[in-house]
2 protein chains.
Amino acid sequence: MTPTTTAARGEHGSSGPAQNGASPDAAALEPVMRRALELAQRTPAGANPRVGAVVLSDDGAVLGEGWHRGAGTPHAEPAALEDARSRGHDVRGGTIVITLEPCSHTGRTPPCTEAILEAGLRRVVFAAPDATAEARGGADRLAEAGLTVQAGLLREDSEALNERWAQRMAEGRPFVTAKVATSLDFCVADAEGRSQWITSEQARAHAQGLRRRVDAILVGTGTLAADNPRLTARTPRGEDAERQPLRVVVGLGEVPADAAVRGTDGRFVHVRSREPEAVLRELARLGAGHVMIEGGPRLVGAFLEAGLVDELWHYQAPLLLPGGLPAASGLAPRALGDAARFRVEGTELLGPDLLIRRMAVSGEAVTTGAAGNELGRAALYGAEKNH
Amino acid sequence: MTPTTTAARGEHGSSGPAQNGASPDAAALEPVMRRALELAQRTPAGANPRVGAVVLSDDGAVLGEGWHRGAGTPHAEPAALEDARSRGHDVRGGTIVITLEPCSHTGRTPPCTEAILEAGLRRVVFAAPDATAEARGGADRLAEAGLTVQAGLLREDSEALNERWAQRMAEGRPFVTAKVATSLDFCVADAEGRSQWITSEQARAHAQGLRRRVDAILVGTGTLAADNPRLTARTPRGEDAERQPLRVVVGLGEVPADAAVRGTDGRFVHVRSREPEAVLRELARLGAGHVMIEGGPRLVGAFLEAGLVDELWHYQAPLLLPGGLPAASGLAPRALGDAARFRVEGTELLGPDLLIRRMAVSGEAVTTGAAGNELGRAALYGAEKNH
């Protein structure tokens, strides 16, 4: 039931029956779109775009609301339609207001365009176009089916919500999560090279949950030699999970014939490159949309240096490892004003340890608070600096 | 109104009119003491002991509950008495069940012994004796005044709540908070030595609140030379707070005659020592009960190495500073099993930054999860280690 996709790009106001988002009608829907944007913020930040949707009756009453709850769950549109139905509303002839163009492809869930057509809606208003190669064309599909389609209402607000996602989609590369388990002084091993275990059983079990969600797990050849990891995703009971990520060894070193990572299921790949961009191109070619780097420090450092870590899952044990091995190596020194910055998405206590989930902040380094001014005029030594 | 203190130590069951905690009567109060211990856990961990109290009528009905809410607020006993009064209860002839021996000294609050006597209570049951030089003798004071005093009920549970506090009290040293403001890779300055500002305005304002709560602020002579800090406590409006901590420069280097830290209020001290123990002895002599180390890395490292950091307030900015200056230096390398460990007490988002508050875990290094076993049998290289 995959619809034909077309190569439509950007705004839809200029082609076919679609109308421009600046029409008075669309502008009247601005408060509704703001509500959809609010709903979108409930989507956990991560590999998927944050999307919200509101279903209206033909006279403008709100019938249902929905948002994307994360990978493998229904998209915002079917969620909003289901919400309306569960309240006993008839949505036929109504309007759906969405923060992102409805997808027209079958991923883990069916295409949203078909859900909208089946529901008998008459009009679709969305904020930002979906530039994803596989998902785009949704607006064209709906317009061709005779619906009124309006694009671009509060587009920038929606794009701001999904900046990093849009960027990697435009680049055609997978979403990159780096997972590190460190001491509070950011070390992944003690002065003797010992890393098992810095974090608690609870933290390690939690990290297994991550393995079950990604398409590929990456380690460098150094970690391979040191730890001989299996890299399989395991269930809370310790059994191999049904869905296994691709096991990827990155680097120019050899992978021994008896390395545990090879396994027997054909889901092992050795990418002979040290270039993060090249590695991601290869993994995109192999169909991976979300990859996770598990170490070691050189591989993590290379991806951080390249600005290719979208998300950092930091399991932090409350202990000190002076003289230990830093979690990321090979990074070029940068001045404070040019530092790679993240945004804290959330924290969680896992036994004695703290999980800090951070998302990369796109674009140029962002200075916090009054830092911009302070950095501009700070004399490094001597003068009183009000502290 | 300070009562005469006596040199009573340890259990009170063997002297004067006080009875033994193991009496059937006291044992019947065990559920009440458990409730008091629960209340005690509401006291924020920090420089003060965690204490809870329950007031009972002479026929055993609960009249009021209280706990110590932190420095400068009423102790658990007056809080529980006030709770009973606010509910309209007559507490005369009743019993108070407390997790710690009532204090008999005037600190920021009046002595609890006097509050108990004024309230007309007939019996006092407490778990752990207060070994503090200035506060002890409370049980004797109450017994001499004719009350029935029972000590030792669930003493170990109470002591476990206040292990670190009891230890430092026995040593007669101040409580030590170390405050660090770091990048996510635990650096306090970038590769060029720049530290202003790693954390946000919100985080820095929050840290000022700490300055207003402690008795002394410590910096090393290196930080003095680099930053020429004033070290004053300031109000949220940026004015000097009414109550100013002692400003302490630690180290053998000189303090310039025009150093800002000298101020004009006579609250400046230069402690010419590099030994944390000696520094704390001197500050105890000057009456400081709670000191805060603000840096730099050598001073923080020396206190950490000596095991003399009770509490670590870690303001962590979500950025990377490769090649930067670590927040603690001079620490001897330790194996994972011997690492200095903390317990995460809480986290708070302050603008973009994360405050992680940690308390030192007393005694020998504690291994987390299955670490003990794993460390025992881990071969460092080669063998498969199930990850």
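Residues numbered from 1 in each chain as written. Chains lettered and ligands numbered in written order. Predicted model: local features only at pLDDT ≥ 70, side-chain atom pairs only at ≥ 80, totals over all residues. Heavy atoms only, no water.

## Some remarks on the environment of Gly 146 of chain A
To keep things clear, this is the line we draw: Think of it this way: any DSSP run of H or I at least four residues long counts as a helix, any run of E at least two long counts as a strand, and we number them from the N terminus.
Topologically, Gly 146 of chain A is positioned in the loop between helix H5 (138–144) and strand S6 (148–151). In sequence terms Gly 146 of chain A and Arg 122 of chain A are 24 residues apart; their C-alpha atoms lie 8.1 Å from each other.

## Some details on the pairing of strand S13 (residues 311–316) of chain A
Residue and element names in this part refer to chain A. Selection rule: Throughout, exposure labels follow a simple rule: accessible area from a 1.4 Å probe, protein chains only, divided by the maximum for the residue type, with under 20% read as buried, over 50% as exposed, and the rest as partly exposed. The pairing criterion for strands is at least two bridges between them, as found by DSSP.
By the criterion of burial, S13 is predominantly enclosed, with six of the six residues buried. Side-chain alternation along S13 places Glu 311, Trp 313 and Tyr 315 on one buried face and Leu 312, His 314 and Gln 316 on a second face that is also buried. Bridge count between strand S7 (residues 175–182) and S13: six bridges; the pairing is parallel. Residue pairing across strands places Ala 178 opposite Leu 312, the latter belonging to S13.

## Let's talk about unusual backbone geometry
Following Gln 196 of chain B, the chain continues into Trp 197 of chain B via a peptide bond in cis, with omega recorded as -5 degrees. Mapped onto the fold, Trp 197 of chain B is located in the loop between strand S8 (187–189) and helix H8 (201–211). With a phi angle near 65 degrees, Leu 231 of chain A is a residue other than glycine that sits in the positive phi range. Structurally, Leu 231 of chain A can be placed in the loop between helix H9 (221–227) and strand S10 (246–250). Judged by its relative accessible area of 1%, Leu 231 of chain A is buried. Positive phi, close to 65 degrees, is recorded for Phe 186 of chain B, a residue that is not glycine. With respect to the helices and strands, the residue Phe 186 of chain B is situated in the loop between strand S7 (175–182) and S8. Taking the relative accessible area as the measure of exposure, Phe 186 of chain B reaches 6% and is therefore buried.

## A look at the UniProt feature "active site" (unreviewed entry) in chain A
Residues and elements named next belong to chain A. The cut-off we apply is this: UniProt positions are given in the numbering used here, feature names are shortened, and annotations may be inferred rather than shown by experiment. Note on contacts: a residue pair qualifies if any of its non-hydrogen atoms lie within 4.5 Å across the two residues.
Under the UniProt annotation, the feature "active site" (unreviewed entry) is placed at Glu 77. Classification of Glu 77 as buried rests on a relative accessible area of 3%. Leave out the neighbours within four places in its chain, and Glu 77 touches Ala 53, Ile 96, Ile 98, Leu 100, Glu 101, Pro 102, Cys 103, Cys 112 and Ile 116.

## Digging into the sheet that holds strand S11 (residues 268–271) of chain B
In a beta sheet, neighbouring strands pair by backbone hydrogen bonds and run either parallel or antiparallel. Residue and element names in this part refer to chain B. Worth spelling out the cut-off: Note on geometry: axes are lines fitted to C-alpha atoms, helical ones only across the stretch in contact, with angles between N-to-C directions running from 0 to 180 degrees.
Taken in spatial order, the eight strands line up as S11-S10-S9-S12-S7-S13-S16-S15 in an open sheet, and their pairing is mixed. What marks the edges here is a single partner per strand, and that holds for S11 and strand S15 (342–350). Taking the axes of each pair of neighbouring strands and ignoring which way they run, one obtains an average angle of 20 degrees across the sheet. Alignment of S15 against strand S16 (residues 353–360), held across eight bridges, turns out to be antiparallel. Within the sheet, the bridge partner assigned to Thr 347 lies in S16 and is Ile 356. This element, H8, spans S7, strand S9 (216–220), strand S12 (290–295), strand S13 (311–316), S15 and S16 of the sheet and lies at about 160 degrees to S13. Sheet strands in contact with helix H11 (residues 297–305) are S7, S9, strand S10 (246–250), S12 and S15, and its direction is about 130 degrees off that of S12.

## A short note on helix H10 (residues 276–285) of chain B
Since the α-helix packs 3.6 residues into each turn, any two residues three or four apart lie on the same face. Residue and element names in this part refer to chain B. Operational definition: Directions are taken from the helix axis to each C-beta atom, and the arc is the one they span.
Along H10, the positions that sit buried rather than exposed are Pro 276, Val 279, Leu 280 and Leu 283. Buried residues along H10 cover an arc of 95 degrees about the axis, so they all sit on one side. Away from its buried face by more than 90 degrees, H10 exposes Arg 281 and Arg 285. Close packing links the buried residues of H10 with S7, S9, S10, S11, S12 and H11.

## Structural notes on the environment of Asn 162 of chain B
Residues and elements named next belong to chain B. What counts, and what does not: Each polar contact in these results corresponds to two N or O atoms within 3.5 Å; when the atoms are within protein, one needs to be able to donate a hydrogen and the other to accept it, and residues that are neighboring in sequence are counted only if both atoms are side-chain atoms.
Along the chain, the position of Asn 162 falls in the loop between helix H6 (155–161) and helix H7 (163–171). Its relative accessible area of 6% is what places Asn 162 among the buried residues. With 113 residues separating them in the primary sequence, Asn 162 and Pro 49 have C-alpha atoms 5.7 Å apart. In this structure the side chain of Asn 162 is engaged in a polar contact, spanning 2.6 Å, whose partner is the backbone nitrogen of Arg 50.

## Focus on the UniProt feature "binding site: NADP(+)" (unreviewed entry) in chain A
Residue and element names in this part refer to chain A. Per the UniProt record, "binding site: NADP(+)" (unreviewed entry) is found at Ala 181, Ser 195, Trp 197, Thr 223, Asp 227, Gly 296, Pro 297, Arg 298, Leu 299, Val 300, Gly 301 and Ala 302. Within the secondary structure, Arg 298 sits in helix H11 (residues 297–305). Classification of Arg 298 as exposed rests on a relative accessible area of 62%. Setting aside chain neighbours within four positions, we find Arg 298 in contact with Gly 222 and Ser 329. Relative to the elements of secondary structure, Val 300 occurs in helix H11. With near-sequence residues (within four places) excluded, Val 300 lies in contact with Val 180, Ile 293, Gly 295, Ala 327 and Ala 328.

## Here we look at the packing of helix H3 (residues 76–86) of chain A against helix H4 (residues 112–119) of chain A
Between two packed helices, the angle of one axis relative to the other and the distance separating the axes together describe the packing. Residues and elements named next belong to chain A. Rule in force here: Orientation is classified from the angle alone, with under 35 degrees giving roughly parallel, over 145 giving roughly antiparallel, 65 to 115 giving roughly perpendicular, and any other angle giving oblique. Charged means Asp, Glu, Lys or Arg here, nonpolar means Ala, Val, Leu, Ile, Met, Phe, Trp, Tyr, Cys or Pro, and polar covers whatever is left, Gly included.
One way to put it is that H3 packs onto H4 with a least axis distance of 9 Å and a crossing angle of 30 degrees. Put simply, H3 runs roughly parallel to H4. For the pair H3 and H4, the contacting residues are Glu 77, Pro 78, Leu 81 and Arg 85 in the first and Cys 112, Ala 115, Ile 116 and Ala 119 in the second. Grouping the amino acids of the contact of H3 with H4 by side-chain chemistry returns six nonpolar, no polar and two charged.

## Comments concerning the pairing of S7 of chain B
Residue and element names in this part refer to chain B. Buried residues dominate S7, accounting for seven of its eight residues. Pairing geometry for S7 and S12, over four bridges, is parallel. In the strand pairing of S12, Val 176 is matched with Val 291.

## Some thoughts on the environment of Leu 121 of chain B
Residues and elements named next belong to chain B. Summarising the element assignment, Leu 121 is placed in the loop between helix H4 (112–119) and strand S5 (123–128). Residue classification places Leu 121 among the buried residues on the basis of a relative accessible area of 5%. The sequence separation of Leu 121 and Thr 95 amounts to 26 residues, and the corresponding C-alpha distance is 5.9 Å.

## Quick word on the sheet that holds S13 of chain A
Residues and elements named next belong to chain A. In space, the eight strands of this open sheet follow the order S11-S10-S9-S12-S7-S13-S16-S15, with mixed pairing throughout. Pairing within the sheet leaves two strands with one partner each, and these edge strands are strand S11 (268–271) and strand S15 (342–350). Across the sheet, the axes of successive neighbouring strands diverge by a mean angle of 20 degrees, strand direction being ignored. Here helix H8 (residues 201–211) sits on the sheet and contacts S7, strand S9 (216–220), strand S12 (290–295), S13, S15 and strand S16 (353–360); the angle it forms with S13, its principal contact strand, is near 160 degrees. Together, S7, S9, S10, S11 and S12 form the strand contacts of helix H10 (residues 276–285), whose direction differs from that of S10 by roughly 155 degrees.

## With respect to the side chain of Arg 358 of chain A
Spelled out, the test is: Only four residue types enter the tally: Lys and Arg on the positive side, Asp and Glu on the negative side; His and the chain ends are excluded. By salt bridge we mean one thing: a side-chain nitrogen of Lys or Arg within 4 Å of a carboxyl oxygen of Asp or Glu.
Structurally, the position occupied by Arg 358 of chain A is in strand S16. Comment: no salt bridge for buried Arg 358 of chain A; closest opposite-charge side chain is Asp 185 of chain B, at 8.9 Å. Within the structure, the side chain of Arg 358 of chain A is placed 3.2 Å from the side chain of Gln 316 of chain B, a separation counted as a polar contact. Apart from residues no more than four positions distant in its own chain, Arg 358 of chain A is found in contact with Asp 310, Glu 311, Leu 312, His 314, Phe 342, Arg 343, Val 344 and Glu 345 of chain A together with Leu 184, Gln 316 and Pro 318 of chain B.

## Let's talk about H11 of chain B
Three or more residues of H11 of chain B are buried, namely Pro 297, Leu 299, Val 300, Gly 301, Phe 303 and Leu 304 of chain B. Trailing H11 of chain B by a residue or two, Gly 307 of chain B shows a phi angle of about 70 degrees, which is positive.

## Regarding the pattern of salt bridges
All names here are of chain B. Tallying each qualifying case throughout the model produces 44 salt bridges over all chains. Measuring nitrogen to oxygen at the nearest pair gives 2.9 Å for the salt bridge that ties Arg 173 to Glu 171. On the basis of relative accessibility, which here comes to 45%, the residue Glu 171 falls in the partly exposed class.

## Quick word on the side chain of Thr 95 of chain B
Residues and elements named next belong to chain B. Relative to the helices and strands, Thr 95 resides in strand S4 (residues 95–100). On the accessibility criterion, Thr 95 (2% relative accessible area) is buried. Within the local environment of Thr 95, its side chain forms a polar contact with the side chain of Arg 123, the two groups lying 3.1 Å apart. Setting aside residues up to four positions removed in sequence, Thr 95 forms contacts with Val 54, Val 55, Leu 56, Leu 121, Arg 123 and Val 125.

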